[in-house]
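# Inside the fold
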Amino acid sequence: MVNLAELQPQTISRDLESKYILLAGQPKIGKTEFCSLVDGALILAFEQGTHALTGVHVQPIDTWSTFKVVIRQLAREDIQKKFKVICIDTVDIAYDLCEKYVCDANHVDSVSEIPYGGGYKLVGDEFKKAFRDITFMPYGIIFTSHLKEKTDTKTGEVIERMPELGTRCGKIVNGMCDII
């Protein structure tokens, strides 16, 4: 029940629980290793990159359906006592698997084949719902992404570094994150 008269100001803890972070960096710079050092971390490995890490809780994710099973398990009380932070390694691959899931469900090869831009909406809704479900659980989330560099064609100088997220994925993830 909502009772605004009893509403207290929120306090912010210093740990990563209930924080949402996008961690972007060059390949092999240590993003996954950073996640492995976070207390209570569960790494959802959408890509291979955890083989050199020992003593780490890693769940390989090869399909969006597998990820949906994991989300249902994350809602369990015994799992919530075991983990504090969910690491999505890497979020751009997670988005690609979500897109494939929507295509398969609609019997098409590309989301663009779903009329009137409906495929892009379906993918966005599915992707947002999955992560929104996690945000209503007592976990922090660390999204990892590789960086892409844009260089000046004349000088070869790097003029911009951005997470390697597509526009649609980036809009959703950036909107969720407290820290990038």
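Here goes a summary of the coordinates provided.

The rules behind these values
- Residues numbered from 1 in each chain as written.
- Predicted model: local features only at pLDDT ≥ 70, side-chain atom pairs only at ≥ 80, totals over all residues.
- Heavy atoms only, no water.
- 1 Å grid on protein atoms, 1.4 Å probe; cavity = no way out; pocket = protein on both sides within 12 Å on 5 of 7 lines; lining within 4 Å.
- Points joined across faces, edges and corners; volume = space filled by probe spheres on them.
- Helix = DSSP H or I, 4+ residues; strand = E, 2+ residues; numbered from the N terminus.
- Nonpolar A, V, L, I, M, F, W, Y, C, P; charged D, E, K, R; others polar.
- Expected span 1.5 Å × (residues − 1).
- Buried < 20%, exposed > 50% of the residue type's maximum accessible area, 1.4 Å probe, protein only.
- Arc of directions from axis to C-beta.
- Contact = heavy atoms within 4.5 Å.

## Section: the layout of surface pockets
Considered as a void within the structure, the largest pocket measures approximately 300 Å³ in volume. What lines the largest pocket is a set of 15 residues, and nearest its centre among them are Lys28, Gly30, Thr32, Glu33 and Gly49. Here the element with the most residues in the lining of the largest pocket is helix H1 (residues 31–37); it accounts for three residues. Split into classes, the residues belonging to the lining of the largest pocket amount to four nonpolar, six polar and five charged. One number sums up the size of the second largest pocket: a volume of about 160 Å³. Together, Leu42, Gln59, Thr66, Val70, Gln73, Leu74, Ile79, Lys82 and Phe83 line the second largest pocket. When contributions to the lining of the second largest pocket are tallied by element, the ones reaching two or more residues are helix H2 (64–74) and helix H3 (77–82).

## What to know about helix H5 (residues 118–135)
Taking 1.5 Å as the rise per residue, H5 with 18 residues should run 26 Å; its terminal C-alpha atoms sit 25 Å apart, in good agreement. The set of residues buried in H5 consists of Gly119, Val123, Gly124, Glu126, Phe127, Ala130, Phe131 and Ile134. Along the axis of H5, the buried positions cluster into a sector of 165 degrees, meaning they face one direction only. Exposed positions of H5 whose direction lies more than 90 degrees from the buried face are Lys121 and Arg132. Looking at the buried side of H5, the elements it contacts are H2, strand S4 (85–89), helix H4 (91–105), strand S5 (140–151) and helix H6 (167–176).

## Regarding the environment of Ile79
Of note, Ile79 is situated in helix H3. Between the C-alpha atoms of Ile79 and Gln59, which are 20 residues apart in sequence, the distance is 13 Å. If near-sequence neighbours (up to four positions away) are discounted, Ile79 is found in contact with Gln73, Leu74 and Tyr139.

That's the geometry; what it means functionally is another story.
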